[in-house]
Amino acid sequence: MRARRFFTAALLLALCACLAAGCGGGSDKALLESEKKLAGMYQACKTIELTDGDVKKTVSTDGLSALGTIRTTAVLKRSNGMTRTDEWEGTPLGSVLDANGITRPFKELRMEAWDGYVGRVPYEVAVEPRTMLAFRTNGRRIPREDGPVRLVVPSQDGFFWIRMITRIEVLR
């Protein structure tokens, strides 16, 4: 009986502390630091600046499916050794480049992400038929924290799989 009263008192105390700290939910809940950093990211990534020398174009991620879509099963190999196999759907990167007048060949693509990450994708990899700007994975939109699209490169390790893309520069 004594243990039961102690447990009840401890539970009540923990509940009061949780409510006082704002754990009770509600619409006025403060954002986590990680959520604050992502504020505005998704909207900023809905358009991608594509540059080739002095020519600058804007690619809307909303219009990618009009350029054609493909599906592929690919294994994401992370630098820590973890792997993940998923089905991806998106627009071939080559189709995006062609639709925007990018002539081939080129040396590589320099891709910038909203979070400051920069990756370089060699020509041979960029134009592989399964390299895509993916907007769906396993039948669902890609996770919002990855942006509206993510570069999927089935033939390469994860550091090529750039997310939150804001800029693609053609290097000749």
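Use the structure listed above.
Reading the values: the criteria
- Residues numbered from 1 in each chain as written.
- Predicted model: local features only at pLDDT ≥ 70, side-chain atom pairs only at ≥ 80, totals over all residues.
- Heavy atoms only, no water.
- Pairing = 2+ DSSP bridges.
- Helix = DSSP H or I, 4+ residues; strand = E, 2+ residues; numbered from the N terminus.
- Axes fitted to C-alpha atoms, helices over the stretch in contact; angles between N-to-C directions.
- Polar contact = N/O pair within 3.5 Å; in protein donor to acceptor, adjacent residues only side chain to side chain.
- Salt bridge = Lys/Arg side-chain N within 4 Å of Asp/Glu carboxyl O.
- Buried < 20%, exposed > 50% of the residue type's maximum accessible area, 1.4 Å probe, protein only.

Here we have five strands laid out as an open sheet, ordered S2-S1-S10-S5-S6, and mixed in their pairing. If you trace the sheet from one side to the other, it starts and ends with strand S2 (55–60) and strand S6 (118–122), each paired once. In this sheet, neighbouring strand axes are inclined to one another by 20° on average, regardless of whether the strands run parallel or antiparallel. Strand direction decides the pairing type here: strand S5 (residues 108–113) and strand S10 (residues 165–171), joined by six bridges, are antiparallel. Following the sheet pairing, arginine 110 is matched in S10 by glutamate 169.

Moving on, we get to the side chain of threonine 131. Along the chain, threonine 131 falls in the loop between helix H5 (123–126) and strand S7 (132–137). Separated by 2.8 Å, the side chain of threonine 131 and the backbone oxygen of valine 125 make a polar contact.

On to the pattern of salt bridges. Here the structure, examined in full by the defined rule, presents 13 salt bridges. Arginine 167 is the partner of glutamate 169 in a salt bridge, and the nearest nitrogen-oxygen pair spans 3.3 Å. Assessed through its relative accessible area of 22%, glutamate 169 is described here as partly exposed. One connected set of salt bridges, linked through shared partners, spans Glu49, Arg110, Glu112, Arg167 and Glu169.

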